[in-house]
Amino acid sequence: MGKRPHDPVIAQLLVPRHPVAEWTGWEERVRLMVRPRRYEHVLRVAELAAQIALANGLDDMRAYAAGILHDIARDLPDAELLRLAPPECDIDAGHPLALHGRAARVLLERWGYQDRVVLEAVEDHTTGPRGGNPVADCVYIADVSEPGRGVNADIRELALRDLNAALERAIVSKVTYLQGRGIQVHPRTLLSYHALPCVARQDQGGSTSLLTAPQP
Ligand SMILES: [Fe+2]
Ligand SMILES: [Fe+2]
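Keep in mind it's a predicted model, so treat the numbers as computed, not measured.

Which residues make up the packing of helix 9 (residues 134–145) against helix 11 (residues 163–180), and what values do they have?
The N-to-C vectors of helix 9 and helix 11 enclose an angle of 55 degrees; their axes lie 10 Å apart at closest approach. For the element pair helix 9 / helix 11, the angle class is oblique. For the pair helix 9 and helix 11, the crossing hand works out as left-handed. Two secondary-structure elements touch here, helix 9 through Pro-134, Asp-137, Cys-138, Ile-141 and Val-144 and helix 11 through Leu-163, Ala-166, Leu-167 and Ala-170. Taken together, the residues that form the contact of helix 9 with helix 11 break down as 8 nonpolar, no polar and 1 charged.

Explain the nonpolar core to me, using residue names and the numbers behind them.
The biggest cluster of nonpolar side chains holds 53 residues, and the ones touching the most others in it are Ala-49, Val-139 and Ile-141. The set of elements that each furnish at least two residues to this core consists of helix 3 (36–55), helix 4 (60–69), helix 7 (100–110), helix 8 (116–124), helix 9, helix 10 (153–159), helix 11 and helix 12 (187–195). Beyond its immediate stretch of four places on either side in the chain, Ala-49 contacts Ala-63, Tyr-64, Ala-66, Gly-67, Cys-138, Val-139 and Ala-142.

I'd like to hear about the environment of Leu-76, residue by residue, with values.
Topologically, Leu-76 is positioned in the loop between helix 4 and helix 5 (78–84). In this structure, the C-alpha to C-alpha distance between Leu-76 and Leu-97, residues 21 residues apart in sequence, is 8.9 Å. Apart from the residues lying within four places of it in its own chain, the contact partners of Leu-76 are Leu-81 and Ala-103.

Tell me about helix 8, residues and numbers included.
For helix 8, the full list of buried residues reads Val-118, Glu-120, Ala-121, Val-122, Glu-123 and Asp-124. Packing partners of the buried residues in helix 8 comprise helix 4, helix 7 and helix 9.

Outline the confidence of the model for the protein, supporting the account with residue identities and numerical values.
Taken over all residues, the pLDDT of the protein has a mean of 87, while the share at 70 or more is 84%. Summarising per-element confidence for the protein, the mean pLDDT is lowest in helix 1 (residues 8–13) (43) and highest in helix 9 (98). A low-confidence stretch, residues 7–21 (pLDDT under 50), is modelled with 21 contacts involving residues beyond four sequence positions or located in other chains. Every residue in residues 211–216 is under pLDDT 50, and counting partners more than four places away or in other chains gives 10 contacts.

About the cut-offs
- Residues numbered from 1 in each chain as written.
- Chains lettered and ligands numbered in written order.
- Predicted model: local features only at pLDDT ≥ 70, side-chain atom pairs only at ≥ 80, totals over all residues.
- Axes fitted to C-alpha atoms, helices over the stretch in contact; angles between N-to-C directions.
- Helix = DSSP H or I, 4+ residues; strand = E, 2+ residues; numbered from the N terminus.
- Parallel < 35°, antiparallel > 145°, perpendicular 65-115°, else oblique.
- Left-handed = near helix turned anticlockwise from the far one by under 90°.
- Contact = placed C-beta atoms within 7 Å.
- Nonpolar A, V, L, I, M, F, W, Y, C, P; charged D, E, K, R; others polar.
- Core = buried A, V, L, I, M, F, W, Y, C linked by C-beta atoms within 7 Å.
- Buried ≥ 20, exposed ≤ 12 C-beta atoms within 10 Å, placed from the backbone.
- pLDDT = per-residue confidence, 0-100.

Laid out in structure tokens, this is it:
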């Protein structure tokens, strides 16, 4: 394996050639916002997201930045999450942790972070990428499969060869798992599911897909 993005020297090289802007200080800001073990997870997600991006010819610097920022709101109290990101559905109201991606985006925007691609990846990492943002795909996959999780090694390895296939496997298996246990699927996850090319084709062909998208 080559040098990893969180090596200080490499991290310097990854500093912005695009509006990830004001990069200096963000890693430290994240470190102060989360528990120590969470920060270790954050670094692994950032590394892996960058590796997945590189392997798939995508923007590794934005993937790294989004990996660093994705869990910045993960250890906030429920009340703070609810204040930052008012619930959109029963799942959000009953499980405020589901809001930590949206809350993170709100926080980052308030602090002046402006890169829409990175912000969207941060927002979507909890419920699934909305489609059309490959950086969000990298971060989502890295988050569910980084080595510290001890699961999803197959998805991690697949993502380094074929990101779309890995995303399909991750999201389809998630909704299948939830549905099989009678657990309500988050509406945003359903949208992510229906944004998968394989499911969209199925939807357009009129065949019955696994789940039904929510009505507006
Ligand atoms: Fe998270
Ligand atoms: Fe995470």
